[in-house]
Structures are given as structure tokens and as C-alpha cells.
Amino acid sequence: MEDDLPTEYDVVVVGTGMTESIVAAAASRIGKKVLHLDSNEYYGGLWATFNFDGLQKWIEDLKAAKSDGKKDTIIKVEAGENFLNASNQYSAVENIEETWFISNDADLPVLTSKDTQTDGSGDGASAEGSEKSDEDKVEKKEPVKQWSIDRIKKEYRRFNIDLAPKLLFARGELVELLISSNIARYAEFRAVSRVATFMDGKLTQVPCSRADVFANKTVSVIEKRMLMQLLTSCMEQGADSPEFDGFRDKTFLEYLNTKNLTPIVKHYVMQAIAMATDKTSCRDGVNRTKHFLNSLGRYGNTPFLWPMYGSGELPQCFCRLCAVFGGVYCLKRQLDGVIVCEDKCRAIITGKQRLALEHLVVGQGHVPPEIVASVGEQQISRGIFITDRSIMQGEKENLTLLYYPPEKNGQEPVTVIELGPSTNACPQGLFMVHMTCKRINTAKDDLEYVVKKFLRAEVLEPKGPRDSTDSHTQTVSPDKRHIQEGDAETRDLIKNPKPQVLWSLYLNLPASDIKLSNSAPSNIHLCSGPDLDLDFDFAVNQAKEVFAAMYPDEDFLPRAPDPEEIVLEGEEAPGPKFEGDKPGEGEDKQEGEEKQDSEKAEKEE
Amino acid sequence: MRNIRRPIRFRTKDNMANRGTAQRPNGQTQGKICQFKLVLLGESAVGKSSLVLRFVKGQFHEYQESTIGAAFLTQTVCLDDTTVKFEIWDTAGQERYHSLAPMYYRGAQAAIVVYDITNQDTFVRATTWVKELQRQASPNIVIALAGNKADLANKRVVECDEAQAYADENGLLFMETSAKTAMNVNDIFLAIAKKLPKNEQAGNGGSSGQGRRLAEAEGQKATAGNCCK
């Protein structure tokens, strides 16, 4: 089954994550012979986007991989050479917990089934039992057909589910790179239509543009001026401005506190624009504010873009450019190990083949342990939810970014991205909610406080199995119970009920901070997996560093030609345009042949 | 298998003013311009790139390097009142080790699945590409089956009737083609152009998924959902 590959390359890239793919494209673009491998049958590694079926298979495969230990390959090497086995130990996904909140058949009582894998959190009791249907909900949903497990599985193609959802700043590194390299034409994007924040017990849209600020009814004229003034000083002067001199070792919050801002303005700046916690340094806060403002006004209402069909499309775009310039692609092909001689990596072993190389670019999931100096402690907690409505109902479909700061110590700020059907993340009538934060405990524990706040996930109900007689009241009780208290949050809930979670998945991913040891061969270049940042800048910058280390004097991804600019060898001008005329007139054919003949003549000269 | 390959060189045209607009040499304006993404599929060496080069450039080379440097090529076809602009994507060799990326099919409104009439395996493989498209691509995609290398009729192993029957069963357009002699090359693209829906929504500015494309020139606000190529 194994296809034989050509055996000599300038660059072998292992893993099709974001950084690896950018490096592969950059090397191929300047004419280097590139081989790009991935042991998976899909592109992207931990950056991948799956349809529903693909995601299920990915989960299955992780289970299978855990049970059968990888066998080390034994390879004959020449004198002076050393063989190091590749390892997948740095790409371990943990605490996968998948839950359905709907039944197989919409007419049957709602069943909560649970598919806990690996070291699950073990809170089976609340969810194991069967739960009766939410008749109340059925009525409310009017003529809309109920979503069932079967229906979601049947429409698996309409889902695009991201392992590492990320946004692009409209003037961030990736957007600039996509445009300057002309790779942008492979992808399509949607602008994030609103940045939301949680204030006074409810979600509100943050005014981003000047027009938004002035149209906003929740801030007074004085506050508007205050906000514009503050933003202008961040924007125009940056963190090195004397304005911030006194705050070099202080936090951004401390700086804001000196500005006599009203609570609303302070909230907008801290939580929506700078996405800062009370520990964020003044410098970081100013820089983030600047980054945000810089990207405004280029595309849409907010500074952010989302790739259609998911973040996993972007590595594939770079891979395509690599292939277009001659890069060889082979999925389902594993790196068995590397052959090292003195301080150089000479070749890799893959599927019984020995492939010689000048440079090896390797994703962190494949690095031989012998050359790793330290493994970072940071990990990512992820939650993915399919819901029945938006967290913040609007007149039109929205693409929403929400930054939710910790409520108390021991929690991490959570980034929430809500995608609607127009991004191709899910079918009409559904929403896809992604939550991401730094890992403290398990993904489920870490995200629980945010899930509780914004979503209605049955698992969080304190009661176990319910019978049909009280299901009606129970269903609405979480909302009604607090009416008397009359706080804004509760009132809002009655008007806009929380989205019902139909399906959820929690997982922990490794974050990227592996360091290679000093003794590692100098021509092995490490690429990290997804990081905790909102955008792709880390990957782009890392790819630039790797490329500069390999080819210090070469251009990084110069602009690729447009189709109209491609001129064939021996062709003086682009060929005659086929103008279609009427079929059957046949003139174009003849014209083509004449052209061919004239070219032959040219060549013979 | 092809072992001698001629590289395609590219150069940048000085005048870029005409980019992105379909033009007729006589300057006549057309009523409607529709842009479609068309993808080519099929086994290595069946002549995918040759078909495109014949169609787009009117050229044929016996030993053709696939498509170095060509992300996709464009060509326009004029129907009665409509100009159809094809954005033609080649596999760039990613099919060789069965590693074609799903982004390749994204938003494609048309596909040509190519096989070599002198090679039975390539026909079998073509049927699996058709299945793959039916599974992965958008449900309304127009698929054409092309039995290429029709000039090599003396080495034929795939019968025309067999392929026609398969195409009929699966609702595909079908033609035997020859990139070498140009037989049916323009015709198959024309047949696809005719079959594509040419309403306002389809092919509106080439933004197939109705998302936004990023471009250099764009600096100011634009309405979401517009293509700004």
C-alpha cells in the first residue's frame, strides 16, 4: 500500500499544522524541493477542522491509539550515524468528554448519553440517567423540526468543527501575509460582526468603530469623548509614549484607574478591547488596545475575521501553495525516526524508505524525545457546543466574539467564539460555540463557570433523572425560580432564554512551549502546535523564524503570480482567448491548432 | 508515466489594469458575467493539466510539467447573453499520494473528472472521485466525466458506451476528449457552462462560498458577504 516517494529533498516537513504549512509553502516558493508528510489522513494536526463524522472518527482513533503502544522501529544505520525514534508524546489530547443533550428520535423523551473517555471527571451521576422530554420546549419551538442525534449525524457534512478556533486581526500578521503572498485567493472569510461583553448582568455589544461609539445609547456623550480620547492616545502613541512612563511596572487597570473613567468606559476598554485581566501589565494592555484599534475599519464592523469552513482551512491554503510550486504531499505517512550524524540530521525514515534532506521541519507531535530540553507546562482547555440559538439574539445572524474574565481566583479568562450557519460551521437553525482558556484542571471544570453563565446544558442541572409529571415545571424552573429576585440577569433570561446545548465536547490540548536541547541537530526546526492566543501571529512569526534560520538570504513568501500573469515557456503573449462563440462553428479549435503549430516552429528554431 | 517535464515559467505582465474583468476583444460589453470555480480530478498522468492548457492557452506539450506556479487559470466562455468566467483549479499533484486537501473542493460549482481511455484503472479511479465529490463537494456541483487521450483510439481499453452508461446513471456530462488534438476540449467546458445555473446568486464575483476574499486594494469598510477581489 505504501507508495514510494522520491528520496532526496531540500526540506522535509513533518506535520501539516499551521506553522509547518507556512514553512513548507515558503521553502517551495523559493524553489526548494519540499516533501510534506502527515501521519494523519487529514490536514492540520491539532489545528484541524472536522465535519461531524470526521470528528467522531478522530475521537475513536484517539481511543484506539491510547490502547496500542507505539513500537519503536529498529533501523540499520551507517557508521557514525544515530537513529532516533520519533515520538507522539507531545501531542497528547486528554480528558475528552462528549455529551449528547438530545435523543435519537425527536419524539422520544430526551436522553442524555455520555461518552466519557480517558481520565474523565467521573461525575457520572448527574448525567447517566435518562431524562424526560422537555415538552415545554417542543411547544416553544413552533413548526421547526426538532434536532435529534440522528439528524445531526445525518447532516454531518454541514458541520465544520474546529479543534483550535482562531480569529485573524484585520491588520494582523496572517492577513498581511495572506495578501502579500497572494495565498488569500484560496480562502474566504467572514468578518466577526460583533464583539460582546458581559456587563450589568447581561451581554451587550461593544461599540467598536467611531460610528458605533456615537450610535451607542448606553454611553453618555461625556463617556464617548472619554473613550475616544483614551483610544486615540493608545493608538497614536503606543506603549512607549511618555503617557505611560509612570506605569512601566504597573497594570493596565492601574493606569485606567488614574484616568477618571466611568465604569462603563473602563469595562469596554478592559474587557472588550484590551481583553485584559486585572493582572495584565500596562504595556500589554496598551499594545493590545493598539492592535485592536489598528485592525478596525478594514473589513466589517470589528477588527476580526473568521475563515469560512473553519481555521483548519488555512494550513491547507499554504499547503496548496507549496504543492503549486512543486512540493510533494503525502498524508497517512508517518515519521518513524531521524538519522543523525554528528550535529546534523541527514535523513528521515518513513515507511521503510530513507529520505535524505538538508533541513527537517517537524511539528511538536513528532519530535524524538532525545532532542527535547523542556516541555512547557501550559495546556489548553476547550469546550465545543452545538446550540439552538445565539447567546445574544439579534436581528440578523451574527458572528460573535466574547471575552469573559474570571469571576474569582482559580479561574482563567475564557474566549468565546459563536459561529452561525453562514460560516459553514453548522446547518441553519443551529449555532456553534467555541470556548477556550488556559488549562488549570480539566477542560470541563475550567469552563464550567462560563457554560453555566451563558448556556443551558442539562448536565449542569442539580437533579438527576426526572419523571414526566414534573418535567414541565423543572424545565422552566431555572428561569422562573429567580423571578422574585428581579435582577437584570434573570429578567433578561425570560426574554431571551439561554441557548440549549444539543451536544458538547470537552478536551484538553497541549499548548506550544516545547524547547529543543542545545545538542539537537542544527538543521532540525521545531514547529509548535496551537497556542492560547486569539490569533495566528505566534505561528506566523515562528514560521518566519524557522525560514530565516534555513534560508537567511531569501525572501519569505514573495507574491505568487495571478493566473493572468502566467505565461508559458515559448509563449510570447497569452494564448488566444477562447471566446466560446457558438458551438459547432469550430473556429476556435482550428485557431488552437494553428497556435500549436506556430509554437512548434518557434521551438525548432 | 511522464518522465521528461517541461517547466512552466511565469512572468508578471506589466499592465495589470484588466485583472478580474471579462473582456471581449471587440470591446463589446456583455449582459451578465458569472464566475465559477471548476476543479479537475483524476489519477496522475490522465491529462488534467493538458486539458486545461489546451482550453486556456490553446497549447499542448507531450511532456508537460504539471502546473508549477499556477494556482489556477482562468478562461471565459460566452453564451448567448452571459459571459461565464471559469476559475480552473488543478490538483497541483496533491492527488498523487491521495493527499488532496478538502479546501480544493470548497465552493466548487463544477468539476471535470478525467480518465485515460487507454487505462482501465484510471476509469475505476474516476468513479471513486465522482463518489468523493458527491460526498464532499457542494450538493449542486455540475460534474463532467472526460475520457481523455481519445487520439490514442488504437490503444483504447475503456469503451465509450461503458463510460456513457456510467455517466447517465450518475447524472454526469460525458465526452471523450483529446488535449492533443483539441477534440471536444472547448465543447466540454461549454457544456458545463450551459448547465451551470446563471442566476444572480451563482457565480457572483467568484466568491463561491459567499464569504469575503482579502485583497491588497481593499482598505475601507465593505459590506459583509461581498467579494472584494
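Bear in mind that the values here come from a model prediction, so they are computed numbers and not experimental data.

Cut-offs used in this document
- Residues numbered from 1 in each chain as written.
- Chains lettered and ligands numbered in written order.
- Predicted model: local features only at pLDDT ≥ 70, side-chain atom pairs only at ≥ 80, totals over all residues.
- Heavy atoms only, no water.
- Pairing = 2+ DSSP bridges.
- Helix = DSSP H or I, 4+ residues; strand = E, 2+ residues; numbered from the N terminus.
- Axes fitted to C-alpha atoms, helices over the stretch in contact; angles between N-to-C directions.
- Domains from an automatic or database assignment.
- Buried < 20%, exposed > 50% of the residue type's maximum accessible area, 1.4 Å probe, protein only.
- Phe/Tyr/Trp six-rings, centres within 6.5 Å; stacked < 30°, edge-to-face > 60°.
- Lys NZ or Arg CZ within 6 Å of the ring centre and 35° of its normal.
- Salt bridge = Lys/Arg side-chain N within 4 Å of Asp/Glu carboxyl O.

Trainee: Give a detailed account of the sheet that holds strand β16 (residues 353-356) of chain A, specifying residues and quantitative values.
Mentor: Residue and element names in this part refer to chain A. The sheet built from 4 strands is open, its strands ordered β4-β14-β15-β16 with antiparallel pairing. Among the strands making up the open sheet, the edge pair consists of β4 (81-85) and β16. For this sheet, the mean angle separating the axes of adjacent strands, direction not counted, is 30 degrees. As paired elements, β4 and strand β14 (residues 337-341) share 5 bridges and run antiparallel to each other. Residue asparagine 82 lies in a different strand from β14, and its bridge partner there is valine 340.

Trainee: Mind laying out the domain arrangement of chain A, listing which residues take part and the relevant values?
Mentor: Domain annotation for chain A reports domain 1 (8-96 + 309-376 + 514-550), domain 2 (207-304) and domain 3 (570-604). Once you take the C-alpha centre of each, domain 1 of chain A and domain 2 of chain A turn out to be 39 Å apart.

Trainee: Describe the pairing of strand β2 (residues 73-78) of chain B, naming the residues involved and giving the relevant values.
Mentor: Residue and element names in this part refer to chain B. By the criterion of burial, β2 is predominantly enclosed, with 6 of the 6 residues buried. Neither face of β2 is exposed, since Leu73, Gln75 and Val77 on one face and Thr74, Thr76 and Cys78 on the opposite face are all buried. Across 6 bridges, β2 lies against strand β3 (residues 82-89) in antiparallel orientation. When the bridges of β3 are listed, threonine 74 appears paired with glutamate 87. Once β2 ends, the chain turns through 3 residues before running back antiparallel as β3.

Trainee: Describe the packing of aromatic side chains, with residues and values.
Mentor: Counting across every chain of the model gives 28 aromatic pairs over all chains. Measuring from ring centre to ring centre gives 5.6 Å for phenylalanine 385 of chain A and tyrosine 506 of chain A, while their planes differ by 80 degrees; the resulting arrangement is edge-to-face. With phenylalanine 385 of chain A in strand β19 (residues 379-387) and tyrosine 506 of chain A in strand β23 (residues 501-510), this residue pair connects regions lying 121 residues apart in the sequence. Taken individually, phenylalanine 385 of chain A and tyrosine 506 of chain A each receive the classification buried, so the pair is uniform in this respect. The interplanar angle of 55 degrees and the centroid separation of 5.9 Å between the aromatic rings of phenylalanine 547 of chain A and tyrosine 551 of chain A together place this pair among those described as tilted. Three or more aromatic residues link up through ring pairs in this structure, and these residues are Tyr186 of chain A together with Phe72, Trp89, Tyr104 and Tyr105 of chain B. Above the face of the tryptophan 129 of chain B ring, arginine 125 of chain B is positioned so that its terminal group lies 4.8 Å from the ring centre.

Trainee: Which residues make up the pattern of salt bridges, and what are the values?
Mentor: Where charged atoms from two side chains of opposite charge come close, those side chains can pair. All names here are of chain A. Scanning the model with the defined rule gives 26 salt bridges over all chains in all. Between glutamate 81 and arginine 354 there is a salt bridge, with its nearest N and O atoms 2.8 Å apart. Placement of the pair is glutamate 81 in strand β4 and arginine 354 in strand β16, with a sequence separation of 273 residues. Overall, the relative accessible area of 8% leaves glutamate 81 in the buried class. For arginine 248, the salt bridge is made with aspartate 245, and the minimal N-O distance between the two is 2.8 Å. When salt bridges that share partners are traced, they join Glu41, Lys57 and Asp61 into one network.

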